[in-house]
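# Observations on chain architecture
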Number of protein chains: 2
Amino acid sequence: MKIKDKNKEQQILNATAEFITREGAAAVSTTKVAKQVGIGQSSLYTYFPTKQALLKAVFDREQQNFAATILATGIADDKLTTKEKLTRYVTALVDFAIASPASLTIIEQIKFLPDFDGIGLNDPHNPVIQLFNSAMAKGVLPKIDASLYVTAIFAVARRNGENIRQQKYTKNAISKAQILRLVLGEDFGAS
Amino acid sequence: MKIKDKNKEQQILNATAEFITREGAAAVSTTKVAKQVGIGQSSLYTYFPTKQALLKAVFDREQQNFAATILATGIADDKLTTKEKLTRYVTALVDFAIASPASLTIIEQIKFLPDFDGIGLNDPHNPVIQLFNSAMAKGVLPKIDASLYVTAIFAVARRNGENIRQQKYTKNAISKAQILRLVLGEDFGAS
């Protein structure tokens, strides 16, 4: 594939991402995306043969970006305590949601595709699930299914990012400590 | 509108709801829904002139059902304490998500429509938001924006309902006390 083609592919993905954040994944159509990019629909199909393939590609791009951010926090680093890992994970997720609210919206919107299983919530090899299972085994967190912690944190981080984007309140109105306390309990965050 | 027509309208809404729970709102098309119901697409348009109108109607049906369930818990009943109201609200939401996981999936999937603002999260007249604001003012809950509590509870209830539906664990594997503690803190639920 030529350089020029790669650019076109990125333009198609960007236009689709914009549609999703503005109107939701349900509103995406290959006709509208092709028009936005200024190419014919048949040309778009040479990159993405179906709407589902297009949505999947947008999702994969955002998800890889998100996963890289989470792994960079050191949640798999043996030198950190469990409590430090949990704190870093929540902090990174909250920061990511503030910096890229559109990215989490896209992940939320597309993850319902038939071949997609949440954010790997049912995968015991998922390092985030492993972190929470380990924290519960050590008594650092009360016991419950790990997927419920991850879901709560993802939802709260995303809503906080959206509230800031919609100027419901400013970036510093709610501290990391308040969010940590909400999602992990009073041993974490503010007293 | 004749009785027969009302039945047809409900069939269209049911078929659309099924599509959403199976493949997501992004996969709904008026062509597919009409085919499923066994009517022509032009006939479908006499009920719902656009796909967005169809999705909105499905959402409204599920949302009204959900709102009625929540209001029936007594969250606006002055004879209950704030803590009782909070406990009833969370319990009702968790039960609703177990009984009707599809219903919450549909609400989640469609709420991104352009004219829809979350679950009224930014509406100070929303009785749920009022309950949380009152609880924080009284010191029953730590202070943070009320929308973050509501978001966490909705997400956890929905994930728990989905986990049970997917037979990840049974209905009694996780107690209400465990969920209350996760979303409202250790003053609620199990010690």
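Once that is clear, we can look at the environment of Ala53(A). Looking at where Ala53(A) falls in the secondary structure, it is placed in helix 4 (residues 51-71). Sequence-wise, Ala53(A) and Asp77(A) are 24 residues apart; in three dimensions their C-alpha atoms are separated by 35 Å.

Relative to the helices and strands, Ser103(A) is located in helix 6 (residues 101-110). Ignoring anything within four residues of it in the chain, the contact list for Ser103(A) reads Glu62(A) and Phe96(A).

Right, let's talk about unusual backbone geometry for a bit. Residues and elements named next belong to chain A. Of note, the phi angle at Gln 167 is positive, near 55°, even though the residue is not glycine. Take Gln 167: it is sitting in the loop between helix 8 (146-165) and helix 9 (176-184). The exposure class of Gln 167 is exposed, given its relative accessible area of 72%.

Let us now look at the interface of chain A and chain B. How big an interface is tends to be stated in terms of the accessible area lost upon association of its parts. Facing 41 residues of chain A, the contacting portion of chain B comprises 41 residues. Of the roughly 3,300 Å² buried between chain A and chain B, counting both surfaces, carbon and sulfur atoms make up 61%. Our count for the contact surface shared by chain A and chain B stands at two salt bridges. Between Lys168(A) and Asp145(B) there is a salt bridge; the shortest N-O distance is 2.9 Å. At the junction of chain A and chain B, the tally comes to six residue pairs in polar contact (both at pLDDT 80 or more). Taken together, the elements giving at least two residues each to the side of chain A that touches chain B come down to helix 1 (3-23), helix 4, helix 6, helix 8 and helix 9 of chain A. No other element matches the 11 residues that helix 8 of chain A contributes to the side of chain A that touches chain B. A class-by-class count of the residues in the side of chain A that touches chain B yields 19 nonpolar, 11 polar and 11 charged.

The next point concerns the confidence of the model for chain A. All names here are of chain A. The share of residues in chain A with pLDDT of 70 or more is 90%, and the mean pLDDT across the chain is 86. No element of chain A has a lower mean pLDDT than helix 6, at 78, and none a higher one than helix 9, at 95. The low-confidence segment residues 113-119, where pLDDT is below 50, has 15 contacts with residues more than four positions distant or belonging to other chains.

All names here are of chain B. Their axes nearest at 8 Å, the elements helix 5 (residues 82-99) and helix 8 (residues 146-165) cross at an angle of 35°. Seen along the crossing, helix 5 lies across helix 8 with a hand that is right-handed. Along the contact surface, helix 5 presents Tyr 89, Val 90, Leu 93, Val 94, Ala 97 and Ile 98, while helix 8 presents Val 150, Ile 153, Phe 154, Ala 157, Arg 158, Asn 160, Gly 161 and Ile 164. Taken together, the residues of the contact of helix 5 with helix 8 sort by class into 11 nonpolar, two polar and one charged.

Its rotation angle being 180°, the transformation that places chain A on chain B also includes 0.0 Å of axial translation and leaves an RMSD of 0.1 Å. What the rotation and shift describe, once combined, is the action of a two-fold rotation axis. Within chain A, Ala26(A) has its C-alpha nearest the rotation axis, a separation of 1.7 Å. Interface overlap between copies is the fraction of interface residues in one copy that are interface residues in the other; for chain A against chain B it reaches 100%, indicating a shared surface.

What follows is about the pattern of salt bridges. Any two side chains of opposite charge can pair, on the condition that their charged atoms come close. All names here are of chain A. Evaluation of the coordinates by the stated rule reveals 16 salt bridges over all chains. A salt bridge links Glu 186 to Arg 181, with the nearest nitrogen and oxygen atoms 3.3 Å apart. According to the relative accessible area criterion, Glu 186 is partly exposed, its value standing at 42%. Classification of Arg 181 by relative accessible area gives partly exposed; the value is 22%.

We now examine the packing of aromatic side chains. The full count for this structure, using the stated rule, is eight aromatic pairs over all chains. Judged by centre distance (5.9 Å) and plane angle (85°), the ring pair of Phe66(A) and Phe154(A) falls under edge-to-face. Placement of Phe66(A) in helix 4 and of Phe154(A) in helix 8 is noted, with a sequence separation of 88 residues between them. Its relative accessible area of 6% is what places Phe66(A) among the buried residues. Here Phe154(A) falls in the buried class, since its relative accessible area comes to 4%. Pairwise contacts between aromatic rings join Phe66(A), Phe96(A) and Phe154(A) into one cluster. Across from the ring centre of Phe188(B), 5.3 Å away, lies the NZ or CZ of Lys83(B), which sits over that ring.

Criteria and cut-off values
Chains are numbered independently. Their residues run from 1 in the order of the written sequence. Key to labels: chains lettered from A, ligands numbered from 1, both in the order written. For a predicted model such as this one, the threshold for reporting local features is a pLDDT of at least 70, and the threshold for listing and counting side-chain atom pairs is 80 or more; totals across whole chains, interfaces and linings nevertheless cover every residue. The side-chain figures draw on all heavy atoms in the structure; neither hydrogens nor water molecules are used. Per the convention used, a helix needs a DSSP run of H or I reaching at least four residues, while a strand needs a run of E reaching at least two, with both numbered from the N terminus. Whether two residues touch is decided by their heavy atoms; if any such pair falls within 4.5 Å, the residues are in contact. Think of it in three bands: with a 1.4 Å probe and only protein chains considered, a residue is buried below 20% of the maximum accessible area for its type, exposed above 50%, and partly exposed in between. Accessible area that two parts lose when put together, with a 1.4 Å probe and added across both, is what the buried area reports. Each salt bridge in this description consists of a side-chain nitrogen of Lys or Arg and a carboxyl oxygen of Asp or Glu lying within 4 Å of one another. For this analysis, a polar contact is any N or O atom pair within 3.5 Å, provided that within protein one partner can donate a hydrogen and the other can accept it, and provided that sequence-adjacent residues contribute only side-chain to side-chain pairs. When residues are grouped by polarity, Ala, Val, Leu, Ile, Met, Phe, Trp, Tyr, Cys and Pro land in nonpolar, Asp, Glu, Lys and Arg in charged, and all others, Gly among them, in polar. You can read pLDDT as the predictor saying how much it trusts each residue, on a scale of 0 to 100. Axis geometry follows a simple rule: fit a line to the C-alpha atoms, using only the stretch in contact for helices, then measure angles between N-to-C directions, giving values from 0 to 180 degrees. Note on convention: near helix rotated counterclockwise from far helix by under a right angle means a left-handed crossing. Clockwise means right-handed. C-alpha atoms of residues with pLDDT of at least 70 in both copies form the basis for the least-squares superposition of the copies. A pair of Phe, Tyr and Trp rings is counted when the ring centres sit within 6.5 Å of each other, with Trp represented by its six-membered ring. The angle between the planes then sorts it: under 30 degrees is stacked, over 60 is edge-to-face, the rest tilted. Think of it as a cone above the ring: NZ of Lys or CZ of Arg counts as a charge over the ring if it is within 6 Å of the ring centre and within 35 degrees of the ring normal.

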